[in-house]
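Coordinates in review
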Amino acid sequence: MGNCSLTDKDYDPEMAHNKGVYNFLYVIGKVGFGKVWKVESRKKKAPFAMKEMSKARILAKRSVNSVMNEKKLLTMLKHPFLVNMQAAFQD
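None of the values given here were measured: they were computed from a predicted structure.

Some words on a nonpolar patch on the surface
- Taken together, the side chains of Leu-73, Met-76, Leu-77 and Leu-82 present a nonpolar region at the surface, about 380 Å² in accessible area.
- Relative to the helices and strands, Leu-82 is located in the loop between α2 (64-76) and β5 (87-88).

Set out below in C-alpha cells:
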C-alpha cells in the first residue's frame, strides 16, 4: 500500500517506518479490515491511534481502491475534528 510520511513540527519521521517503534497499549475499536489500537511511541511516549488493516481481507473483498482513496483523503485533510494522519507504512 506504499509509504507516506507527512511533516509536522512535533513529528519524528523515523517513527513512520515500522510498528516496532510503538508500544501497543489496547484495542480502541474494530473496523472492517482490522483494528484500531492506542499506541505510544517508545522514544517520546507520545500517544497515537494506529489503524491496522489486513491486506488479505482487503484483497478478498476487492476494496483496494477504497482503502487507497481513504489514505489519499487522510493525507490531504487537516482539521481539528478529524484524526489527522501522521504516517502510513506497510509491515
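Considering the pattern of salt bridges
- Going through the model one piece at a time under the given rule, you end up with 2 salt bridges.
- Among the salt bridges present, the one from Lys-19 reaches Glu-52, with a minimum N-O distance of 3.0 Å. You can see Lys-19 sitting in the loop between β1 (4-5) and β2 (22-31) and its partner Glu-52 sitting in strand β4 (residues 47-53), a full 33 residues away along the chain.
- The class of Lys-19 is partly exposed, set by a relative accessible area of 28%.
- Judged by relative accessible area, Glu-52 falls into the partly exposed class, the value being 26%.
- Residue Lys-51 pairs with Glu-70 through a salt bridge whose shortest N-O separation is 2.6 Å. Remark: Glu-70 occurs in helix α2 and Lys-51 occurs in strand β4; sequence separation between them is 19 residues.

Rules of the game
- Residues numbered from 1 in each chain as written.
- Predicted model: local features only at pLDDT ≥ 70, side-chain atom pairs only at ≥ 80, totals over all residues.
- Heavy atoms only, no water.
- Patch = residues over 30% accessible without salt bridge, like charges linked within 9 Å, V, L, I, M, F, W, Y side chains within 5 Å.
- Areas by Shrake-Rupley, 256 points an atom, 1.4 Å probe, with all protein chains shown as cover.
- Salt bridge = Lys/Arg side-chain N within 4 Å of Asp/Glu carboxyl O.
- Helix = DSSP H or I, 4+ residues; strand = E, 2+ residues; numbered from the N terminus.
- Buried < 20%, exposed > 50% of the residue type's maximum accessible area, 1.4 Å probe, protein only.

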